[in-house]
Amino acid sequence: MTQRHRVAVIGAGIIGAATALVLQRRGLAVTLVDADEPGMGCSYGNGGAISPDFCVPASLPGMLKRVPRWFADPEGPLVVRWRRVPAAAPWLVRWIRAGRIDRVHASSAALRALHAPSLDRYAELLGIHADGLIETTGQIYVWRSSSASPTETLARSLREQHGVVTRALDANEIREMDPNLADGFTRGLFFPDNGHTVNPLRLVRTLVNLFGEAGGKVERRKVARFEFGDGNASAVHCEDATRIQADTLVVAAGIRSRAFASALGDRIPLEAERGYHVMLPNPGVRPRIKISNRDHMFGLTPMEHGVRISGTVEFAGPDAPMDERRALSLLAHAKRMYPALDGAGAQFWMGSRPSTPDSLPVVGRASRARNVVYAFGHGHTGLTGAPMTAELVASIVTGASPPIDPAPFRATRF
């Protein structure tokens, strides 16, 4: 691979930014292309978690029993809008099938391999810039319910299988870790090896700035289509009529990647799992570390510009308008967790997580053009999966030995 090998990375979120930087450091000439400013998609609005220990896929045995309750509760942690049911139904069926125990174990192993090195790899990518940007103070899960559900028991078993270190907490220990938390949380789980970023947008832009300072090129353009020749994609055409030539193309465009993959001969079941956040600029009280309420499936993250409340899953199509009730519900739940929380000046946001049924991203070559490499579909774990995804993509492009087994992430698995 010569130094003049040209790579165009489509998408300047956390996946694209990390991938562009890693490819550049391998000696390639890289252009990063996105219609928006870097980091302004889901990378802007996520909860900031960087979780090396995350190895539990979203679909687990018994999920089918919960579907009627989800449909009946418009304020629950998962909502499927009726208008979206016909389009989302095939994905949901695949999602339920992904909950078979053999598939769960396979997905769990792949997630652990992808995520385990994330904090170490960020330290390598960012160097001195990691200080003040990533906190390695751990994460905590809390429950009001007194006993573990079958899915929680399975999750614990998966973590133990993959060597995840946790510490169980009782009610008193929870209060010791976070005195501002309301009474009533009877169980907790502390993950000492996890962390979070204090500003997801600044994380992406720091990676992009490092890329630019080293000679990388950033193009603010919307990619419209591929140009094909001799069995490969030789260029991309943008909506402003710009043509960008490349020897290799990387598709890291989040939910838009589904349409690109279709043009490249791959039908990927990628669904927009819409998530919401509430940003409180002057919250009054702050969680000591990132905390997740596992009864209602949302979390609060202390950030440099306030406290972020994030969570929920909504199937409504990526272009449907925001349902402000989802954000207001998050804020109400958070105030029950932290009674002194100040909601003044709350800012609401919604974004479309690009999610696959088995919780694994798509990383690998396209069917129609072998010089196109996919890097999308990380769902809830884009920040965590970005560094190793970038390494996997770099190994494919350069022909180096992959850092982990790439087979679970191939596009043809569906």
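Note that the coordinates shown come from a computational prediction; the quantities given were computed from them, not determined experimentally.

## Quick word on the overall build of the protein
Link 1 in the chain: If you tally the helices and strands in the protein, you get 12 helices and 21 strands.
Link 2 in the chain: Its C-alpha radius of gyration of 21 Å places the protein within 12% of the 22 Å reference for a compact globule of 414 residues.
Link 3 in the chain: Once the C-alpha set of the protein is aligned to its principal axes, its extents read approximately 65 × 45 × 40 Å.
Link 4 in the chain: Counting across all 414 residues of the protein, residues that qualify as buried make up 56%.
Link 5 in the chain: Taking the contacts inside the protein whose residues are at least 6 apart along the sequence as the reference set, 77% of them involve residues at least 24 apart.
Link 6 in the chain: Accessible surface, the protein as shown: approximately 17,200 Å² in total, 51% of it carbon and sulfur.
Link 7 in the chain: Both charge centroids of the protein, one from 49 positive and one from 39 negative side chains, sit 5 Å from each other.

## Brief notes about the nonpolar core
Link 1 in the chain: Among the nonpolar cores identified, the biggest contains 48 residues, and Val 9, Ile 14, Leu 23, Tyr 122, Leu 126 and Leu 207 are the most heavily contacted of them.
Link 2 in the chain: Secondary structure elements with two or more residues in this core: β1 (6-10), α1 (14-25), β2 (29-34), α5 (101-115), α6 (118-126), α9 (200-213), β21 (372-376) and α12 (382-398).
Link 3 in the chain: Within the second largest apolar cluster, 27 residues are counted, among which are Ala 8, Cys 238, Ile 244 and Phe 260.

## Some words on the side chain of Ser 59
Link 1 in the chain: One can find Ser 59 in the loop between β3 (49-50) and α3 (67-72).
Link 2 in the chain: In terms of polar contacts, Ser 59 uses its side chain to reach the backbone carbonyl oxygen of Trp 95, at 2.4 Å.
Link 3 in the chain: Once residues within four sequence positions are removed from consideration, Ser 59 is found in contact with Trp 95, Ile 96, Ala 98, Gly 99, Val 104 and Pro 357.

## Overview of helix α11 (residues 324-337)
Link 1 in the chain: Taking 1.5 Å as the rise per residue, α11 with 14 residues should run 20 Å; its terminal C-alpha atoms sit 20 Å apart, in good agreement.
Link 2 in the chain: Considered for burial, the residues of α11 that qualify are Arg 326, Ala 327, Ser 329, Leu 330, Leu 331, His 333, Ala 334 and Met 337.

## A closer look at the sheet that holds β21
Across a sheet, paired strands are connected by hydrogen bonds in the backbone, their directions being either parallel or antiparallel.
Link 1 in the chain: One open sheet accounts for 6 strands, arranged β10-β2-β1-β14-β21-β20; its pairing is mixed. A strand with exactly one partner marks an edge of an open sheet, and here the two such strands are β10 (217-220) and β20 (362-365). Averaged over all adjacent pairs, the angle separating strand axes in this sheet is 15°, with direction ignored.
Link 2 in the chain: Bridge analysis of β20 against β21 gives 4 bridges, and the strand direction is antiparallel. Bridged to Val 363 within β21 is Ala 375.

Cut-offs used in this document
Residues numbered from 1 in each chain as written. Predicted model: local features only at pLDDT ≥ 70, side-chain atom pairs only at ≥ 80, totals over all residues. Heavy atoms only, no water. Helix = DSSP H or I, 4+ residues; strand = E, 2+ residues; numbered from the N terminus. Rg over C-alpha atoms; globule rule 2.2 N^0.38 Å. Buried < 20%, exposed > 50% of the residue type's maximum accessible area, 1.4 Å probe, protein only. Contact = heavy atoms within 4.5 Å. Areas by Shrake-Rupley, 256 points an atom, 1.4 Å probe, with all protein chains shown as cover. Lys, Arg positive; Asp, Glu negative; His and termini not counted. Charge placed at Lys NZ, Arg CZ, Asp CG, Glu CD. Core = buried A, V, L, I, M, F, W, Y, C linked by side-chain atoms within 4.5 Å. Polar contact = N/O pair within 3.5 Å; in protein donor to acceptor, adjacent residues only side chain to side chain. Expected span 1.5 Å × (residues − 1). Pairing = 2+ DSSP bridges. Axes fitted to C-alpha atoms, helices over the stretch in contact; angles between N-to-C directions.

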